[in-house]
Amino acid sequence: MSDVELSVAAKDTSLAKRLPAQWLWRAMLPIALVILLLGFAAVDGRVLSPANLLNIAQQTSYLALFAMAQTVVILTRGFDLALGPTVSMVSVGTALAMAGATAAGHDTTAVLLAGLAAGFGLGIACGLFNGVVIALLGVNPFVATLGSYNIAIGVATTLSAGRPVQGVPSLFSQLFYGGSVFGIPAAITITIAVGLVLHLTLVRTVFGRSLYIIGTNPRAAAVAGLPVKRILTLTYVLCSVLAALGAIMMTARTGSGEPNLGGSLSLQAIAGAVVGGTSLAGGRGGVGTAVLGALFVTILSNGMNLTRIDGYVQMVVLGAIVIIGVLLDRLRQERSQ
(Lines give C-alpha, C1' and ligand atoms only; values in the text may rest on other atoms or scores of the structure.)
Protein backbone atom coordinates (compact mmCIF):
# COMPACT_ATOMS: atom_id res chain seq x y z
CA MET A 1 0.00 0.00 0.00
CA SER A 2 1.39 3.42 -0.97
CA ASP A 3 1.97 6.31 1.46
CA VAL A 4 -0.99 8.18 -0.06
CA GLU A 5 -3.30 5.21 0.46
CA LEU A 6 -2.09 4.81 4.04
CA SER A 7 -2.76 8.49 4.69
CA VAL A 8 -6.29 8.26 3.26
CA ALA A 9 -7.00 5.11 5.27
CA ALA A 10 -5.77 6.79 8.45
CA LYS A 11 -8.04 9.78 7.82
CA ASP A 12 -11.04 7.51 7.18
CA THR A 13 -10.35 5.62 10.41
CA SER A 14 -10.01 8.88 12.34
CA LEU A 15 -13.30 10.12 10.90
CA ALA A 16 -15.05 6.86 11.70
CA LYS A 17 -13.90 7.12 15.30
CA ARG A 18 -14.89 10.77 15.54
CA LEU A 19 -18.48 10.38 14.26
CA PRO A 20 -19.79 8.28 17.21
CA ALA A 21 -18.11 10.73 19.60
CA GLN A 22 -19.85 13.67 17.90
CA TRP A 23 -23.23 11.96 18.16
CA LEU A 24 -22.53 11.23 21.83
CA TRP A 25 -21.81 14.89 22.54
CA ARG A 26 -25.02 15.94 20.79
CA ALA A 27 -27.11 13.38 22.67
CA MET A 28 -25.61 14.24 26.05
CA LEU A 29 -27.89 17.22 26.81
CA PRO A 30 -31.21 15.56 25.78
CA ILE A 31 -30.25 12.55 27.92
CA ALA A 32 -29.40 14.88 30.82
CA LEU A 33 -32.78 16.60 30.41
CA VAL A 34 -34.66 13.31 30.72
CA ILE A 35 -32.59 12.20 33.73
CA LEU A 36 -33.07 15.57 35.42
CA LEU A 37 -36.82 15.54 34.88
CA LEU A 38 -37.26 11.96 36.09
CA GLY A 39 -34.95 12.57 39.05
CA PHE A 40 -36.98 15.51 40.31
CA ALA A 41 -40.21 13.60 39.59
CA ALA A 42 -39.00 10.79 41.86
CA VAL A 43 -38.71 13.31 44.70
CA ASP A 44 -41.92 15.23 43.95
CA GLY A 45 -44.61 13.80 41.68
CA ARG A 46 -45.91 17.28 40.84
CA VAL A 47 -42.95 17.78 38.50
CA LEU A 48 -44.59 15.69 35.77
CA SER A 49 -48.11 17.05 36.28
CA PRO A 50 -49.68 18.65 33.16
CA ALA A 51 -49.94 22.01 34.93
CA ASN A 52 -46.26 22.02 35.86
CA LEU A 53 -45.14 20.85 32.42
CA LEU A 54 -47.10 23.76 30.90
CA ASN A 55 -45.46 26.07 33.42
CA ILE A 56 -42.02 24.74 32.40
CA ALA A 57 -42.86 25.35 28.74
CA GLN A 58 -43.92 28.94 29.42
CA GLN A 59 -40.92 29.68 31.61
CA THR A 60 -38.65 28.19 28.96
CA SER A 61 -40.18 30.45 26.31
CA TYR A 62 -38.95 33.54 28.18
CA LEU A 63 -35.50 32.19 28.98
CA ALA A 64 -35.10 30.81 25.45
CA LEU A 65 -35.49 34.34 24.06
CA PHE A 66 -32.79 35.63 26.38
CA ALA A 67 -30.53 32.65 25.62
CA MET A 68 -30.98 33.34 21.88
CA ALA A 69 -30.03 36.97 22.56
CA GLN A 70 -26.83 35.90 24.31
CA THR A 71 -26.12 33.33 21.62
CA VAL A 72 -25.91 35.88 18.80
CA VAL A 73 -23.23 37.88 20.65
CA ILE A 74 -21.41 34.81 21.99
CA LEU A 75 -21.05 33.62 18.39
CA THR A 76 -18.79 36.67 17.88
CA ARG A 77 -16.78 35.94 21.06
CA GLY A 78 -18.70 38.46 23.17
CA PHE A 79 -21.55 38.42 25.66
CA ASP A 80 -23.98 40.88 27.22
CA LEU A 81 -23.82 41.23 31.01
CA ALA A 82 -26.35 44.07 30.77
CA LEU A 83 -29.15 41.85 29.46
CA GLY A 84 -30.90 41.56 32.85
CA PRO A 85 -30.87 45.31 33.64
CA THR A 86 -31.96 46.00 30.05
CA VAL A 87 -35.02 43.84 30.72
CA SER A 88 -35.78 45.87 33.86
CA MET A 89 -35.30 49.19 32.05
CA VAL A 90 -37.51 48.15 29.13
CA SER A 91 -40.21 46.90 31.51
CA VAL A 92 -40.30 50.20 33.39
CA GLY A 93 -40.13 52.30 30.22
CA THR A 94 -42.92 50.32 28.53
CA ALA A 95 -45.23 50.62 31.55
CA LEU A 96 -44.52 54.35 31.99
CA ALA A 97 -45.24 55.05 28.31
CA MET A 98 -48.56 53.20 28.46
CA ALA A 99 -49.54 54.84 31.74
CA GLY A 100 -48.72 58.26 30.30
CA ALA A 101 -50.65 57.61 27.09
CA THR A 102 -53.64 56.41 29.10
CA ALA A 103 -53.54 59.51 31.30
CA ALA A 104 -53.41 61.67 28.15
CA GLY A 105 -56.70 60.15 27.01
CA HIS A 106 -55.43 58.16 24.02
CA ASP A 107 -57.32 55.09 22.84
CA THR A 108 -56.13 51.56 23.65
CA THR A 109 -54.36 51.07 20.31
CA ALA A 110 -52.33 54.24 20.75
CA VAL A 111 -51.51 53.22 24.33
CA LEU A 112 -50.20 49.82 23.18
CA LEU A 113 -48.18 51.38 20.36
CA ALA A 114 -46.67 53.90 22.77
CA GLY A 115 -45.61 51.12 25.11
CA LEU A 116 -44.10 48.99 22.33
CA ALA A 117 -42.30 51.98 20.81
CA ALA A 118 -40.81 52.91 24.20
CA GLY A 119 -39.80 49.33 24.98
CA PHE A 120 -38.14 48.55 21.67
CA GLY A 121 -36.67 52.07 21.50
CA LEU A 122 -34.90 51.55 24.81
CA GLY A 123 -33.73 48.12 23.69
CA ILE A 124 -32.29 49.51 20.45
CA ALA A 125 -30.61 52.37 22.33
CA CYS A 126 -28.98 49.99 24.80
CA GLY A 127 -27.79 47.65 22.05
CA LEU A 128 -26.48 50.54 19.97
CA PHE A 129 -24.56 51.86 22.97
CA ASN A 130 -22.97 48.46 23.62
CA GLY A 131 -22.20 47.93 19.94
CA VAL A 132 -20.55 51.32 19.44
CA VAL A 133 -18.44 51.01 22.59
CA ILE A 134 -17.33 47.46 21.74
CA ALA A 135 -17.04 47.56 17.96
CA LEU A 136 -16.01 51.15 17.25
CA LEU A 137 -14.16 52.10 20.44
CA GLY A 138 -12.61 48.67 20.94
CA VAL A 139 -13.63 48.22 24.57
CA ASN A 140 -13.67 44.63 25.85
CA PRO A 141 -17.26 43.23 25.89
CA PHE A 142 -16.96 42.34 29.58
CA VAL A 143 -16.02 45.89 30.57
CA ALA A 144 -18.45 47.56 28.16
CA THR A 145 -21.51 45.57 29.16
CA LEU A 146 -20.56 45.74 32.85
CA GLY A 147 -20.68 49.51 32.50
CA SER A 148 -24.02 49.45 30.69
CA TYR A 149 -25.24 47.00 33.36
CA ASN A 150 -24.96 49.73 35.97
CA ILE A 151 -26.32 52.41 33.65
CA ALA A 152 -29.44 50.37 32.87
CA ILE A 153 -30.04 49.61 36.55
CA GLY A 154 -29.71 53.31 37.36
CA VAL A 155 -32.14 54.33 34.61
CA ALA A 156 -34.72 51.70 35.61
CA THR A 157 -34.55 52.62 39.30
CA THR A 158 -34.64 56.36 38.64
CA LEU A 159 -37.59 56.23 36.24
CA SER A 160 -39.63 54.02 38.58
CA ALA A 161 -38.40 55.48 41.88
CA GLY A 162 -37.65 51.88 42.82
CA ARG A 163 -41.33 50.88 42.78
CA PRO A 164 -43.52 48.89 40.35
CA VAL A 165 -45.11 51.04 37.65
CA GLN A 166 -48.86 50.49 37.35
CA GLY A 167 -51.12 51.38 34.43
CA VAL A 168 -50.53 48.42 32.10
CA PRO A 169 -53.82 47.89 30.19
CA SER A 170 -55.47 44.49 30.36
CA LEU A 171 -55.40 44.17 26.56
CA PHE A 172 -51.60 44.34 26.65
CA SER A 173 -51.46 41.45 29.13
CA GLN A 174 -54.00 39.53 27.08
CA LEU A 175 -52.05 39.89 23.85
CA PHE A 176 -48.60 39.01 25.19
CA TYR A 177 -49.46 36.63 28.04
CA GLY A 178 -53.07 35.53 28.45
CA GLY A 179 -53.87 34.94 24.80
CA SER A 180 -53.24 31.86 22.69
CA VAL A 181 -52.87 30.76 19.07
CA PHE A 182 -54.51 27.42 18.22
CA GLY A 183 -54.46 26.66 21.94
CA ILE A 184 -50.76 27.43 22.33
CA PRO A 185 -50.06 30.18 24.92
CA ALA A 186 -48.98 33.51 23.47
CA ALA A 187 -45.51 33.47 25.04
CA ILE A 188 -44.70 30.08 23.56
CA THR A 189 -46.08 31.06 20.15
CA ILE A 190 -44.03 34.26 20.04
CA THR A 191 -40.83 32.44 21.03
CA ILE A 192 -41.36 29.74 18.39
CA ALA A 193 -41.92 32.38 15.69
CA VAL A 194 -38.88 34.42 16.74
CA GLY A 195 -36.76 31.26 16.97
CA LEU A 196 -37.65 30.23 13.42
CA VAL A 197 -36.89 33.69 12.02
CA LEU A 198 -33.61 33.90 13.92
CA HIS A 199 -32.59 30.40 12.79
CA LEU A 200 -33.19 31.31 9.15
CA THR A 201 -31.30 34.55 9.68
CA LEU A 202 -28.26 32.74 11.08
CA VAL A 203 -28.08 29.97 8.48
CA ARG A 204 -29.50 31.58 5.33
CA THR A 205 -28.37 35.23 5.35
CA VAL A 206 -25.01 36.92 4.80
CA PHE A 207 -25.35 38.65 8.18
CA GLY A 208 -25.94 35.37 10.01
CA ARG A 209 -23.07 33.54 8.33
CA SER A 210 -20.82 36.50 9.04
CA LEU A 211 -21.33 36.03 12.78
CA TYR A 212 -19.86 32.52 12.56
CA ILE A 213 -16.95 33.73 10.42
CA ILE A 214 -16.15 36.59 12.81
CA GLY A 215 -16.36 34.28 15.81
CA THR A 216 -14.12 31.68 14.20
CA ASN A 217 -11.43 34.10 13.05
CA PRO A 218 -12.01 37.89 13.38
CA ARG A 219 -8.81 38.80 11.52
CA ALA A 220 -9.62 36.55 8.60
CA ALA A 221 -13.11 38.07 8.46
CA ALA A 222 -11.61 41.56 8.22
CA VAL A 223 -9.10 40.47 5.58
CA ALA A 224 -11.95 38.89 3.59
CA GLY A 225 -13.61 42.30 3.42
CA LEU A 226 -16.44 41.82 5.92
CA PRO A 227 -17.55 45.05 7.64
CA VAL A 228 -16.72 43.59 11.06
CA LYS A 229 -17.41 46.73 13.11
CA ARG A 230 -20.81 47.30 11.54
CA ILE A 231 -21.79 43.64 11.93
CA LEU A 232 -20.73 43.61 15.59
CA THR A 233 -22.75 46.76 16.27
CA LEU A 234 -25.84 45.25 14.64
CA THR A 235 -25.28 42.05 16.61
CA TYR A 236 -25.50 43.85 19.95
CA VAL A 237 -28.55 45.76 18.73
CA LEU A 238 -30.20 42.44 17.80
CA CYS A 239 -29.31 41.03 21.23
CA SER A 240 -30.96 43.95 23.02
CA VAL A 241 -34.02 43.90 20.76
CA LEU A 242 -34.59 40.23 21.65
CA ALA A 243 -34.11 41.13 25.32
CA ALA A 244 -36.64 43.95 24.91
CA LEU A 245 -39.18 41.55 23.41
CA GLY A 246 -38.70 39.20 26.36
CA ALA A 247 -39.07 42.13 28.75
CA ILE A 248 -42.35 43.18 27.11
CA MET A 249 -43.68 39.63 27.40
CA MET A 250 -42.68 39.41 31.08
CA THR A 251 -44.23 42.83 31.76
CA ALA A 252 -47.48 41.53 30.30
CA ARG A 253 -47.26 38.57 32.67
CA THR A 254 -46.66 40.67 35.80
CA GLY A 255 -49.10 43.42 34.77
CA SER A 256 -46.70 46.19 35.81
CA GLY A 257 -43.30 47.65 35.05
CA GLU A 258 -40.82 46.06 37.44
CA PRO A 259 -37.42 47.70 38.13
CA ASN A 260 -36.10 44.36 39.41
CA LEU A 261 -37.57 42.18 36.67
CA GLY A 262 -34.17 41.39 35.13
CA GLY A 263 -32.78 39.89 38.33
CA SER A 264 -30.26 37.18 37.49
CA LEU A 265 -31.38 36.85 33.87
CA SER A 266 -27.94 37.77 32.52
CA LEU A 267 -26.37 34.73 34.17
CA GLN A 268 -29.32 32.46 33.39
CA ALA A 269 -29.24 33.44 29.71
CA ILE A 270 -25.49 32.86 29.46
CA ALA A 271 -25.94 29.55 31.29
CA GLY A 272 -28.67 28.50 28.86
CA ALA A 273 -26.55 29.37 25.83
CA VAL A 274 -23.36 27.73 27.12
CA VAL A 275 -25.01 24.60 28.52
CA GLY A 276 -26.83 24.17 25.22
CA GLY A 277 -23.53 24.00 23.37
CA THR A 278 -22.77 27.55 22.24
CA SER A 279 -19.00 28.01 22.44
CA LEU A 280 -17.56 30.98 24.33
CA ALA A 281 -14.65 30.72 21.89
CA GLY A 282 -17.08 31.88 19.20
CA GLY A 283 -18.20 30.46 15.88
CA ARG A 284 -20.39 27.61 17.14
CA GLY A 285 -23.97 27.59 18.37
CA GLY A 286 -27.46 28.46 17.24
CA VAL A 287 -31.13 28.65 18.09
CA GLY A 288 -31.40 24.92 18.84
CA THR A 289 -28.59 25.02 21.38
CA ALA A 290 -30.12 28.08 23.05
CA VAL A 291 -33.54 26.44 23.39
CA LEU A 292 -32.13 23.17 24.75
CA GLY A 293 -29.95 25.03 27.23
CA ALA A 294 -32.86 27.21 28.35
CA LEU A 295 -35.01 24.11 28.85
CA PHE A 296 -32.27 22.52 30.98
CA VAL A 297 -31.90 25.62 33.19
CA THR A 298 -35.69 25.98 33.52
CA ILE A 299 -36.22 22.33 34.52
CA LEU A 300 -33.36 22.61 37.01
CA SER A 301 -34.80 25.78 38.54
CA ASN A 302 -38.36 24.43 38.56
CA GLY A 303 -37.31 21.16 40.17
CA MET A 304 -35.27 22.92 42.85
CA ASN A 305 -38.22 25.20 43.64
CA LEU A 306 -40.66 22.29 43.96
CA THR A 307 -38.23 20.35 46.15
CA ARG A 308 -37.75 23.51 48.26
CA ILE A 309 -34.04 23.96 47.75
CA ASP A 310 -32.86 27.28 49.19
CA GLY A 311 -32.63 30.15 46.71
CA TYR A 312 -29.01 30.89 47.58
CA VAL A 313 -28.12 27.26 46.96
CA GLN A 314 -29.83 27.53 43.59
CA MET A 315 -27.53 30.45 42.71
CA VAL A 316 -24.52 28.28 43.60
CA VAL A 317 -25.84 25.46 41.40
CA LEU A 318 -26.43 27.84 38.47
CA GLY A 319 -22.92 29.24 38.75
CA ALA A 320 -21.49 25.72 38.86
CA ILE A 321 -23.52 24.79 35.77
CA VAL A 322 -21.95 27.67 33.82
CA ILE A 323 -18.44 26.57 34.82
CA ILE A 324 -19.17 22.94 33.91
CA GLY A 325 -20.60 24.06 30.57
CA VAL A 326 -17.42 26.00 29.77
CA LEU A 327 -15.23 23.05 30.77
CA LEU A 328 -17.25 20.67 28.61
CA ASP A 329 -16.99 23.09 25.70
CA ARG A 330 -13.20 23.19 26.05
CA LEU A 331 -13.04 19.40 26.25
CA ARG A 332 -15.22 19.17 23.14
CA GLN A 333 -12.88 21.52 21.27
CA GLU A 334 -9.81 19.51 22.29
CA ARG A 335 -11.39 16.24 21.15
CA SER A 336 -12.42 17.73 17.79
CA GLN A 337 -8.88 18.89 16.99
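Reading the values: the criteria
- Residues numbered from 1 in each chain as written.
- Predicted model: local features only at pLDDT ≥ 70, side-chain atom pairs only at ≥ 80, totals over all residues.
- Heavy atoms only, no water.
- Helix = DSSP H or I, 4+ residues; strand = E, 2+ residues; numbered from the N terminus.
- Expected span 1.5 Å × (residues − 1).
- Buried < 20%, exposed > 50% of the residue type's maximum accessible area, 1.4 Å probe, protein only.
- Arc of directions from axis to C-beta.
- Contact = heavy atoms within 4.5 Å.
- Polar contact = N/O pair within 3.5 Å; in protein donor to acceptor, adjacent residues only side chain to side chain.
- Core = buried A, V, L, I, M, F, W, Y, C linked by side-chain atoms within 4.5 Å.
- Phe/Tyr/Trp six-rings, centres within 6.5 Å; stacked < 30°, edge-to-face > 60°.
- Lys NZ or Arg CZ within 6 Å of the ring centre and 35° of its normal.
- Salt bridge = Lys/Arg side-chain N within 4 Å of Asp/Glu carboxyl O.
- pLDDT = per-residue confidence, 0-100.
- Patch = residues over 30% accessible without salt bridge, like charges linked within 9 Å, V, L, I, M, F, W, Y side chains within 5 Å.
- Areas by Shrake-Rupley, 256 points an atom, 1.4 Å probe, with all protein chains shown as cover.
- Disulfide = S-S within 2.5 Å.

### Some words on helix α5 (residues 141-160)
And then number 1: Taking 1.5 Å of rise per residue, 20 residues should cover 28 Å, and α5 covers 28 Å from first to last C-alpha, within 8% of that figure.
And then number 2: Regarding α5, the residues found buried are Pro141, Ala144, Thr145, Ser148, Ala152, Ala156 and Ser160. Buried positions in α5, seen along its axis, are confined to an arc of 105° and lie on one side of it. Exposed side chains of α5 directed beyond 90 degrees from the buried face belong to Val143 and Thr158.
And then number 3: The inward-facing, buried residues of α5 contact α3 (83-103), α4 (108-136) and α10 (228-254).
And then number 4: At the N-terminal boundary of α5, the capping side chain belongs to asparagine 140, with an oxygen 2.8 Å from the backbone nitrogen of phenylalanine 142.
And then number 5: Note on α5: the residue one or two positions beyond its end, alanine 161, has a positive phi of about 60°.

### Some points on the nonpolar core
And then number 1: Phe66, Leu83, Val87 and Phe172 are the most contacted members of the largest nonpolar core, which totals 64 residues.
And then number 2: When residues of this core are assigned to their parent elements, the largest contribution, 14 residues, is made by α10.
And then number 3: Formed by 15 residues, the second largest nonpolar core is a distinct cluster that contains Leu36, Leu37, Leu306 and Ile321.

### As for the packing of aromatic side chains
And then number 1: Counted by the stated rule, this structure contains two aromatic pairs.
And then number 2: Ring centres of phenylalanine 79 and phenylalanine 142 lie 6.4 Å apart, and the angle between their planes is 75°; this geometry places the pair in the edge-to-face category. Taken together, the residues phenylalanine 79 in the loop between α2 (50-74) and α3 and phenylalanine 142 in helix α5 connect sequence positions 63 residues apart.
And then number 3: We classify phenylalanine 79 as partly exposed; its relative accessible area is 22%.
And then number 4: Look at phenylalanine 142 and you get partly exposed, because its relative accessible area is 42%.
And then number 5: One cation-aromatic arrangement involves arginine 253 over tyrosine 62; the distance from NZ or CZ to the ring centre is 4.9 Å.

### As for the pattern of salt bridges
Working definition: two side chains of opposite charge can pair if their charged atoms are close together.
And then number 1: In this structure the tally under the stated criterion is one salt bridge.
And then number 2: For the salt bridge of arginine 46 with aspartate 44, the shortest nitrogen-to-oxygen distance reads 2.7 Å.

### A word on unusual backbone geometry
And then number 1: Even without being glycine, arginine 77 reaches a positive phi, approximately 70°.
And then number 2: Locating arginine 77 in the fold gives a position in the loop between α2 and α3.
And then number 3: With a phi angle near 60°, alanine 161 is a residue other than glycine that sits in the positive phi range.
And then number 4: Relative to the helices and strands, alanine 161 is located in the loop between α5 and α6 (170-178).

### A word on the environment of phenylalanine 129
And then number 1: Relative to the helices and strands, phenylalanine 129 resides in helix α4.
And then number 2: Phenylalanine 129 sits in the partly exposed class, given a relative accessible area of 40%.
And then number 3: Between the C-alpha atoms of phenylalanine 129 and phenylalanine 176, which are 47 residues apart in sequence, the distance is 27 Å.
And then number 4: For phenylalanine 129, the residues in contact, after removing those within four places along its chain, are Ser148 and Ile151.

### Things to note about the confidence of the model for the chain
And then number 1: Across the chain, pLDDT averages 88, with 91% of residues at or above 70.
And then number 2: Note on residues 2-17: pLDDT under 50 across the span, and one contact to partners over four residues away in sequence or across chains.

### Points about the environment of asparagine 130
And then number 1: Inspection of the secondary structure puts asparagine 130 in helix α4.
And then number 2: Residues asparagine 130 and proline 227, 97 residues apart in the sequence, show an inter-C-alpha distance of 17 Å.
And then number 3: Discounting residues that sit within four places of it in the chain, asparagine 130 has contacts with Asp80, Ala144, Thr145, Ser148, Tyr236 and Ser240.
And then number 4: Side-chain polar atoms of asparagine 130 contact the side chain of serine 148, separated by 2.8 Å.

### A closer look at a nonpolar patch on the surface
And then number 1: Taken together, the side chains of Met28, Ile324, Leu328 and Leu331 define a hydrophobic patch exposed on the protein surface, amounting to about 300 Å² of accessible area.
And then number 2: A per-element tally of the nonpolar patch places helix α13 (residues 311-336) first, with three residues.
And then number 3: Here leucine 328 lies in helix α13.

### Digging into the state of the cysteines
And then number 1: All chains considered together, the criterion is met by zero disulfides.
And then number 2: Cysteine 126 takes part in no disulfide bond, and the closest cysteine sulfur, belonging to cysteine 239, lies 8.7 Å away.
And then number 3: You can call cysteine 126 buried: its relative accessible area is 7%.

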